[in-house]
Number of protein chains: 2
Amino acid sequence: MTCDQLPSPALLPPGFADRLPLDAQTEANGTQALLSVFASHGYERVEPPLLEFEDTLLGGAGAALAEQAFRMMDPDTRRMMALRPDITPQVARIAATRLRDAPRPLRLSYAGQVVLVSNDIAGEDARQIAQAGIELLGPDSAEADAEVVSVVAEALGRVGVADLSFDLTMPPLVPCLIEQAGLTPAARTALMHALDRKDAAAVAEHGGVIAQTLIALLSAAGDAEQALAALGKVHLPEQARQFSDRLTATVAAIRARLPSIQITVDPVEFRGWKYHTGVCLTVYSLTTQEELGRGGRYRSNDNEPACGLTLRPGAVFRAAPPVHVAPRVYLPFGTDAAQARRLREEGHITVAALAAESDAEREARRLGCTHIARRDTLVPLVSA
Amino acid sequence: MTCDQLPSPALLPPGFADRLPLDAQTEANGTQALLSVFASHGYERVEPPLLEFEDTLLGGAGAALAEQAFRMMDPDTRRMMALRPDITPQVARIAATRLRDAPRPLRLSYAGQVVLVSNDIAGEDARQIAQAGIELLGPDSAEADAEVVSVVAEALGRVGVADLSFDLTMPPLVPCLIEQAGLTPAARTALMHALDRKDAAAVAEHGGVIAQTLIALLSAAGDAEQALAALGKVHLPEQARQFSDRLTATVAAIRARLPSIQITVDPVEFRGWKYHTGVCLTVYSLTTQEELGRGGRYRSNDNEPACGLTLRPGAVFRAAPPVHVAPRVYLPFGTDAAQARRLREEGHITVAALAAESDAEREARRLGCTHIARRDTLVPLVSA
């Protein structure tokens, strides 16, 4: 490669980005605020490493994400390692090993970066994504599902993201019905596609003995209370009924904690979930219409019941109101150190001169300061 | 690999670890506290990605760390990417590209994880290391060096790490003397080894015309004020004298800001620095005797003068006093939500029952709570 072919030093691989001052600060402080709400509900922080041996990282609950992981050889052990594409399976691993003897319910929280080979999940092009979330291990109950939702809603409220919709699905419900319908493989595939498109005519064509049930389920979607009333009237076989009852119980438990939050239900949706085995949750901002996070019920290592929800701080802070930026005070060369310290203690940002300046006010403006410190007083800089 | 040869799921590659609740929490909160001090002095946060194309990540200031970086192929672009072994060169890249037009002095801060192929730097076996630091780009002055030291000292004080020693070196000083001495390559190598061992006899044997100067420098090490007095008396050629004068000026500027901090100087030390071109800094805890961080003066991309210091939060929080753990309050099933919210607002951690319990106090103890919420009151749990 000759010199003029050298890539621009600002060029990053697609999907990777530099976060610049205000964004980086907002996301860091905001993530800390989310985690402090998680901690106040007893969710204790764990921090698994960025990479692990691939057979532990991508086994168990992590297997569903194996195609998403970058691999590299560890020269020490000559074994393959992988960069984590998701943190939840790591937390499940910690719960089943190092915290195997910790009392249940076990409440854990985490925040960190994940890296994907290609992002086909989040509907955006980022391949490095921040995650922040909670996992509740041990109980398998609607109350446990509802605690996860209400803690996340409180955390989002703390950072000013209050206009939320929680969308609940029950991915095992439809596969459980289809399994009992004795369809040919071709009819089954056609039916899955029809359900995915929510195409009632095609469902009628390919659905065989369960066509009418599935069509009734298709119309039992939307606002939670109406959808569950419709769902209650659908005739379901025993196992499917259990899934449907649990969905209803979870909505009721969430509603008891969050009387006015928007909840929608879609009992037919079953795609896009990796290792989940029960109620699944997606939380949206009604302001940005963007998905803020997702999660749900799964089996942790050793088959332990677990429910979690992972936020994407990148999306959360696009939906959050602009943060208050502290006044930025220029300290002319020789400003008294005690005065500077007082200003910082009062919440100001101080920007100190490092050499004598001829025109302190001009220097203050050049450095983007809003104020200048004068002896024992603070002078605001009106825009030039 | 047969089933009984499967590795334990708790087994991580050497140098990678799970951080468990109290440690993870302490480091996360503490790092946030360090960054808030940096921000209060106008150091604005940037967040470069975990990986970049290897030719941008490991070019420029990053070249010195090329052997430390894990590589992987990007299937999209078919180009090699590398996991960052250090954040400072990324910050330098951002300063020279995206923030090229931002006014100088440019003050930037960062916190994040780095990954090393093998850790021969930090004197420990960790290969994933947290970094948190500041970079001050633009000015090349003793005042700028001193600001970096004093801001880091204030940040460490904020997290309770006050018993510090800043050790200053001037790595280009000795090479500059040796270059002018006309030594044979063999004598030069022998002299370098002798200086590295601080072996005055061997320095005398291999030092040729500069032997006496180097021996005088060897004795000008230790407590800063004494060492600099000794250094002032050594006869040095012009360029070496400039390095020595700058070291003296930097110590004086630090002393003016931090009158009682321990500063040591070693004008002969020149190893262990990668891309540094002037005063280098190492900060130690006098309590744990552990290195907390290091940095110094270097040339950023486009040859811009820069000085920075990178802390290792892992070491910082081993030297910090134990954190205050909030009281952990058990909420019996059916506890009023408003009471629970009040408790959290007062700084308590609440741990909610998810099902009716037969013996709430026993359940509270089992879950490690220190208190139990009763109607409108909080009952401490005496140890059983």
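For clarity, every value in this text was computed on a predicted model and none was experimentally measured. The residue numbers shown here count from 1 along each chain, following its written sequence. By the order in which they are written, chains take letters starting at A while ligands take numbers starting at 1. Selection of residues for local features in this predicted model requires a pLDDT of at least 70, selection of side-chain atom pairs for listing and counting requires 80 or more, and totals for whole chains, interfaces and linings are taken over all residues. The basis for every side-chain value is the complete set of heavy atoms in the structure, and neither hydrogens nor water enter the calculation.

## Re empty space enclosed by the protein
Put simply, the test is: Of the two site types, the cavity is a set of points on a 1 Å grid over the protein atoms alone where a 1.4 Å probe fits but cannot get out, and the pocket is an open set with protein on both sides within 12 Å along at least five of seven lines, each lined by residues with an atom within 4 Å of a point. Grid points are joined across faces, edges and corners, and a volume is the space filled by probe spheres set on the points. Segments assigned H or I by DSSP are reported as helices when at least four residues long, segments assigned E as strands when at least two residues long, and all are numbered from the N terminus. Three classes are used: nonpolar for Ala, Val, Leu, Ile, Met, Phe, Trp, Tyr, Cys and Pro, charged for Asp, Glu, Lys and Arg, and polar for all others, with Gly counted as polar.
For the structure on display, the rule yields two cavities of 30 Å³ or more. Forming the walls of the largest cavity are 32 residues, and the residues nearest its centre are A:Arg45, A:Ala111, A:Gly112, B:Arg45 and B:Ala111. The biggest single contributor to the lining of the largest cavity is helix 1 (residues 21-40) of chain A, with five residues. A per-class count over the lining of the largest cavity returns twelve nonpolar, twelve polar and eight charged.

## Quick word on the environment of A:Arg19
To keep things clear, this is the line we draw: Note on contacts: a residue pair qualifies if any of its non-hydrogen atoms lie within 4.5 Å across the two residues. A 3.5 Å cut-off defines polar contacts: any pair of N or O atoms within that distance qualifies, except that in protein one atom must be a possible hydrogen donor and the other a possible acceptor, and neighbouring residues in sequence count only when both atoms are side-chain atoms.
You can see A:Arg19 is positioned in the segment before helix 1. Along the sequence, A:Arg19 and A:Ala355 sit 336 residues apart, while their C-alpha atoms lie 30 Å from each other. Discounting residues that sit within four places of it in the chain, A:Arg19 has contacts with A:Ala24, A:Glu27, B:Val46 and B:Glu47. At a separation of 2.5 Å, a polar atom in the side chain of A:Arg19 contacts the side chain of A:Glu27.

## So, the pattern of salt bridges
The condition that has to hold: One side-chain nitrogen of Lys or Arg within 4 Å of one carboxyl oxygen of Asp or Glu is enough to make a salt bridge. Each residue's exposure class comes from its accessible area (1.4 Å probe, protein chains only) as a fraction of the maximum for that residue type: buried when under 20%, exposed when over 50%, partly exposed otherwise.
This structure, assessed with the given rule, holds 56 salt bridges over all chains. Between A:Asp145 and A:Arg297 there is a salt bridge; the shortest N-O distance is 2.8 Å. Note that A:Asp145 is positioned in helix 4 (residues 142-158) and A:Arg297 in strand 11 (residues 291-299), a separation of 152 residues in sequence. Across this residue pair, the class does not change: A:Asp145 and A:Arg297 are buried. Of the charged contacts, one joins B:Arg107 and B:Glu147 as a salt bridge, the two residues approaching to 2.8 Å between their closest N and O atoms. Of this pair, B:Arg107 sits in strand 5 (residues 106-115) while B:Glu147 sits in helix 4 (residues 142-158), placing them 40 residues apart in sequence. Owing to a relative accessible area of 4%, B:Arg107 belongs among the buried residues under this scheme. Salt bridges sharing partners connect three or more residues here, namely A:Asp140, A:Asp145, A:Arg246, A:Arg297 and A:Arg299.

## Re unusual backbone geometry
Negative phi characterises most residues that are not glycine, and trans characterises most peptide bonds. Following A:Arg104, the chain continues to A:Pro105 via a peptide bond in cis, the omega torsion being -5 degrees. Tracing the chain through its elements places A:Pro105 in the loop between helix 3 (88-96) and strand 5 (106-115). Phi angles above zero are rare outside glycine, and A:Arg78 is one such case at about 55 degrees. By the secondary structure assignment, A:Arg78 is in the loop between strand 3 (71-74) and strand 4 (79-83). Phi is positive for B:Lys198, close to 55 degrees, though the residue is something other than glycine. Along the chain, B:Lys198 turns up in the loop between helix 6 (185-196) and helix 7 (200-206).

Any functional reading would require information beyond the geometric quantities listed.
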